[in-house]
Amino acid sequence: MIDSFTQIYGVFGNPVRHSKSPVIHNFAFQYYHINAVYLAFEPDGIGKSLEAMKALNIKGASITLPFKQSSMDYLDWIDEDAGAIGAVNTIVNKEGMLHGFNTDYKAAVEPLKPFGIQGKKVCIIGAGGAAQAVAYGIYKEKGRLAIINRNKKKGKTLAEKYKADFFSLDDTDSLLKIQPDILINTTPVGMSPNISDLSFPLEPLSPETLVMDIIYTPLKTRLLHGAQSKGCRIIDGLTMFLNQGAHQFKLWTGISPDIELMRKIMLKDEAL
Ligand code: NAP
């Protein structure tokens, strides 16, 4: 029940109406009997929104595009990993002081850890915000990185940061040259409604490769369908999404939520 003690959390992004974060966090607040509500805010800029967080005692926030970097200028403290990545996706309001974290990098590497990351050749497609976090996580786990990106300058900059090889998306032989153990798509190519799009040819994929897509609409992208039909093991984007949300919830409440239960709730959501 919402009453005068209900605490407010939310996601700040623009656009943000497509976000599934309210679904998982409101479910978790109810499930764990926490008197809180999670809303979606779509401001033009982030500075005033973060001032409002303090003024209205909004307890915590998820930060999404396009504010993951710009929000850092308004925080009182930034955790070491978020600082190294250069992006924040979570804010905790600790007695009026805004603390920034990045849960995306942990969420990306955790599902890969059972297969082993250290010493493995990990190829990331994309060099945007999500790729920054994924690359940091893989580098921290001592994976051997290769970056493939459309914009060469951006791709090379990310590759240099993590001592990775860089390949242009135009180079159709790149996968044959890299022979990745793990391939991670961090581009929006294949995302709903453009579900038949694929950013690179799948022919060179070996059945030994573990393929992860961080897109979760649709749940099984064309990349994942194609990889599975070649015999590859696959990890869908909902896995990363739920993990990043679970880490946020833990930062806000101290509770590690049941991720499998959250997955069932998300799969009931007809938009997936
Ligand atoms: P971003 O900062 O805009 O970066 C997008 C990247 O994709 C860039 O490297 C861009 O290449 C590349 N790209 C975009 N369109 C392309 C195209 N048509 N062909 C080839 N490459 C293309 O976005 P982001 O924050 O990294 O997010 C990327 C995707 O990940 C989004 O779909 C987002 O919803 C998803 N995501 C999922 C999770 C999760 O928890 N599952 C978390 C974060 C993000 P250029 O550098 O050449 O422009």
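Fair warning: this is a prediction, and the values are worked out from it, not measured in the lab.

**Student:** Honestly, the sheet that holds strand E1 (residues 7-12) in this entry has me stumped. Any pointers?
**Tutor:** Within a sheet, each strand pairs with its neighbour through backbone hydrogen bonds, oriented either parallel or antiparallel. Pairing is mixed in the open sheet, where 6 strands are placed in the order E2-E1-E3-E5-E6-E4. Unpaired on one side and paired on the other, strand E2 (36-41) and strand E4 (77-78) mark the two borders of the sheet. Note that strand E3 (residues 60-63) and strand E5 (residues 90-94) share 3 bridges and pair antiparallel. Opposite Gly60, over in E5, you have Val92 as the bridge partner. Across the face of the sheet, helix H1 (residues 21-31) comes into contact with E1, E2 and E3 while running at roughly 170 degrees to E2. Strand contacts of helix H9 (residues 237-253): E1, E2, E3, E5 and strand E6 (97-101), with the helix running at about 5 degrees to E5, the strand carrying the most contacts.

**Student:** Please clarify how the site of the ligand should be interpreted in this entry.
**Tutor:** Inspection of the region around the ligand gives 22 residues, with Ala127, Gly129, Ala130, Asn151 and Ile214 positioned closest. One of the backbone nitrogen or oxygen atoms of Asn151 is found 2.8 Å away from an oxygen atom of the ligand. Taking Gly237, its main chain carries an N or O atom lying 3.1 Å from a nitrogen atom of the ligand. In the complex, 77% of the free accessible area of the ligand, which totals 930 Å², lies under the protein chains. Its atoms largely coinciding with the cavity grid, the ligand occupies the largest pocket. The set of elements that each furnish at least two residues to the shell around the ligand consists of helix H5 (129-140) and H9. No other element matches the 4 residues that H9 contributes to the shell around the ligand. Broken down by class, the residue content of the shell around the ligand amounts to 11 nonpolar, 9 polar and 2 charged. Residues from two domains meet in the shell around the ligand; each of domain 1 (7-102 + 239-271) and domain 2 (106-235) gives at least three.

**Student:** Before we go on, may I ask you to explain the nonpolar core in this structure?
**Tutor:** Looking at soluble globular proteins, one finds that nonpolar side chains tend to be buried together. Core analysis: the largest hydrophobic core is formed by 30 residues, its most contacted members being Leu112, Ile138, Leu145, Ile184 and Met212. Of all the elements in the fold, those that place two or more residues in this core are helix H4 (104-109), strand E7 (121-125), H5, strand E8 (144-149), helix H6 (152-161), strand E10 (182-185) and strand E11 (210-213). Each of domain 1 (7-102 + 239-271) and domain 2 (106-235) gives at least three residues to this core. Excluding its chain neighbours within four sequence positions, the residues that come into contact with Leu112 are Ile117, Ile138, Ile182, Ile184, Leu210, Met212 and Ile235.

What counts, and at which threshold
- Residues numbered from 1 in each chain as written.
- Predicted model: local features only at pLDDT ≥ 70, side-chain atom pairs only at ≥ 80, totals over all residues.
- Heavy atoms only, no water.
- Pairing = 2+ DSSP bridges.
- Helix = DSSP H or I, 4+ residues; strand = E, 2+ residues; numbered from the N terminus.
- Contact = heavy atoms within 4.5 Å.
- Axes fitted to C-alpha atoms, helices over the stretch in contact; angles between N-to-C directions.
- Near = heavy atom within 4 Å.
- Polar contact = N/O pair within 3.5 Å; in protein donor to acceptor, adjacent residues only side chain to side chain.
- Areas by Shrake-Rupley, 256 points an atom, 1.4 Å probe, with all protein chains shown as cover.
- 1 Å grid on protein atoms, 1.4 Å probe; cavity = no way out; pocket = protein on both sides within 12 Å on 5 of 7 lines; lining within 4 Å.
- Sits in = over half its atoms within 2 Å of the grid points.
- Nonpolar A, V, L, I, M, F, W, Y, C, P; charged D, E, K, R; others polar.
- Domains from an automatic or database assignment.
- Core = buried A, V, L, I, M, F, W, Y, C linked by side-chain atoms within 4.5 Å.
- Buried < 20%, exposed > 50% of the residue type's maximum accessible area, 1.4 Å probe, protein only.

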